[in-house]
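What follows is the residue order along each chain.
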Amino acid sequence: MKLGIVGLPNVGKSTLFNAITNAGAQSANYPFCTIEPNVGMVAVPDSRLDALAKLYDPDKFTPAVIEFVDIAGLVRGASKGEGLGNKFLSHIREVDAIVHVVRCFEDGEIVHVDGEIGPRRDIETIGLELIFSDIDIVDRKIDRSLKAAKGGDKALAAQADTLRRLKAHLEEGKPARSFDCDGEERAALDDMPLLSAKPVIYAANMSESDFTSGIESNKFYKEVEEIAASEHAEVLPICARIEEEITDMSSEDKLLFLEEMGLHESGLDRLIKKSYDLLGLISYLTAGKQEVRAWTITKGTKAPQAAGKIHSDFEKGFIRAEIVSFDELMACGSMAAAKEKGLVRSEGKDYVMQDGDVVLFRFNV
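Residues numbered from 1 in each chain as written. Predicted model: local features only at pLDDT ≥ 70, side-chain atom pairs only at ≥ 80, totals over all residues. Heavy atoms only, no water.

Undergrad: Just to check I follow, could you spell out the UniProt feature "binding site: ATP" (unreviewed entry) in the protein chain for this structure?
TA: Following the UniProt record, one finds the feature "binding site: ATP" (unreviewed entry) at Asn10, Val11, Gly12, Lys13, Ser14 and Thr15. As for its position among the elements, Gly12 is in the loop between strand E1 (2-6) and helix H1 (13-21). Discounting residues that sit within four places of it in the chain, Gly12 has contacts with Val101, Asn205 and Ala240. Secondary-structure assignment places Ser14 in helix H1. (UniProt positions renumbered as here; feature names shortened; annotations may be inferred. Helix = DSSP H or I, 4+ residues; strand = E, 2+ residues; numbered from the N terminus. Contact = heavy atoms within 4.5 Å.)

Here it is as structure tokens:
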């Protein structure tokens, strides 16, 4: 999974990126300090994997990973090339989902590119640049569909009609992800590289006092919530400064620090969970002395395709999957005990994988 972190200059975007990836991206109080996208790989926290490691004492421990890309601050006119905009938009095109950092704090020492705090305006600034880029793509697709439909192809004519409706939707300043269409139309649109169709999490970056004393009292956060609800996006309250403070702490110190602030988990943990939910992802687990590992798949993936994540030969030669749920395995204390109790199931090609399945794939090539 690749997540792109975007935002206007000086909203705390690179501070948040640095904190959650510890990648050391440059951060400064002026626009365009991040010209090339910085990339950080982050292990997905999974207590189930930790428990399996204690059970098996493996030679290798491999968690799932998320790639975070810190994309330079966008400004008005990016879709027309302003502020190196075309380059930045191409970076957004490569990610699975967008984490849009929105400034919800006031600080006289940190200048705002527009002079004052305004989440709705900030969101519209970036949102419209993505929409403008999409309108150009849709226009070209309409032309191609109409030319191809001249031979009487009804499917292409219907596609052109759908695209016209989408264009009208975009011209109202609405993102492609909130466009109302049926499943067949959506599948056709999914093949188009539309930036405003990408899933979005609005990271509402607050001051430490607002974040810990009650997020609902922050008027800027409420504004972001309303926008997210209207366009099928998610919102995550976060404090980049807190994330920055806990970056270099040990696990024990981090937990103690968060508890003292009335928090149960870090912003990174919450962001990862929300990203998995947003993209419809789950993890299955493989465990043994050689390696304990988490594998990320889409909800609804069947056993052979899940096996193919490990190696294409596993999918081609799939015979069966021997599966036990994580909870049942831990309750039994070992795979042998789980088998004795009849809890290890033999599943075939039509089995739909579940989050937390501990799997051994049988295959023959």
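Undergrad: Would you mind going over the confidence of the model for the protein chain with me for this structure?
TA: Low-pLDDT portions of the prediction should not be read for the details of their coordinates. Mean pLDDT over the protein chain works out to 86, with 89% of the residues at or above the 70 mark. Per-element mean pLDDT across the protein chain ranges from 74 in helix H3 (residues 85-93) up to 97 in strand E10 (residues 318-325). (pLDDT = per-residue confidence, 0-100.)

Undergrad: Explain the nonpolar core here, please?
TA: Most often, soluble globular proteins keep nonpolar side chains buried together rather than apart. The biggest cluster of nonpolar side chains holds 71 residues, and the ones touching the most others in it are Phe68, Ile92 and Tyr202. For this core, the two domains that each supply at least three residues are domain 1 (2-45 + 64-119 + 197-279) and domain 3 (300-363). Setting aside its immediate chain neighbours within four residues, Phe68 contacts Leu3, Ile5, Phe17, Ile20, Thr21, Asn38, Val39, Gly40, Val42, Leu268 and Leu271. Core analysis: the second largest hydrophobic core is formed by 15 residues, Ile282, Tyr284, Tyr351 and Met353 among them. (Core = buried A, V, L, I, M, F, W, Y, C linked by side-chain atoms within 4.5 Å. Buried < 20%, exposed > 50% of the residue type's maximum accessible area, 1.4 Å probe, protein only. Domains from an automatic or database assignment.)

Undergrad: Would you mind going over the packing of aromatic side chains with me for this structure?
TA: Aromatic ring pairs are reported here in terms of the distance separating the ring centres and the angle at which the planes meet. This structure, assessed with the given rule, holds four aromatic pairs. Taking the centre distance of 5.8 Å and the plane angle of 90° together, the rings of Tyr284 and Phe361 count as edge-to-face. With a gap of 77 residues between them, Tyr284 in strand E8 (residues 281-287) and Phe361 in strand E12 (residues 357-363) connect regions that are remote in the sequence. You'll find Tyr284 and Phe361 in the same group, each marked buried. Lying across the ring of Trp295, Arg293 places its NZ or CZ 4.0 Å from the centre. (Phe/Tyr/Trp six-rings, centres within 6.5 Å; stacked < 30°, edge-to-face > 60°. Lys NZ or Arg CZ within 6 Å of the ring centre and 35° of its normal.)

Undergrad: How should I be thinking about the sheet that holds strand E2 (residues 38-43) in this particular structure?
TA: Remark on secondary structure: sheet strands pair via backbone hydrogen bonds, oriented parallel or antiparallel. What the six strands build is an open sheet, ordered E2-E4-E1-E5-E6-E7; its pairing is mixed. Single-partner strands in this sheet number two, and they are E2 and strand E7 (234-238). Taking each pair of neighbouring strands and ignoring which way they run, the sheet shows an average axis angle of 25°. In this sheet, strand E5 (residues 97-103) lies alongside E1 in parallel orientation, the contact comprising four bridges. Opposite Val6, over in E5, you have His100 as the bridge partner. Sheet contacts for helix H8 (residues 219-230): E5, strand E6 (200-205) and E7; angle to E7, the most-contacted strand, approximately 160°. (Pairing = 2+ DSSP bridges. Axes fitted to C-alpha atoms, helices over the stretch in contact; angles between N-to-C directions.)

Undergrad: Explain the pattern of salt bridges here, please?
TA: For side chains bearing opposite charge, pairing can occur when the charged atoms are close. Tallied over the entire structure, the rule returns 21 salt bridges. Two residues, Glu67 and Lys2, come together in a salt bridge whose shortest N-O distance is 3.8 Å. In this pair, Glu67 sits in strand E4 (residues 65-70) while Lys2 sits in strand E1, placing the two residues 65 residues apart along the sequence. Across the pair Glu172 and Lys174 runs a salt bridge whose closest N-O atoms are separated by 3.0 Å. Accessibility expressed as a relative area gives 38% for Lys174, which makes it partly exposed. Overlapping salt bridges, with partners in common, bring together Asp46, Arg48 and Asp355 in one network. (Salt bridge = Lys/Arg side-chain N within 4 Å of Asp/Glu carboxyl O.)

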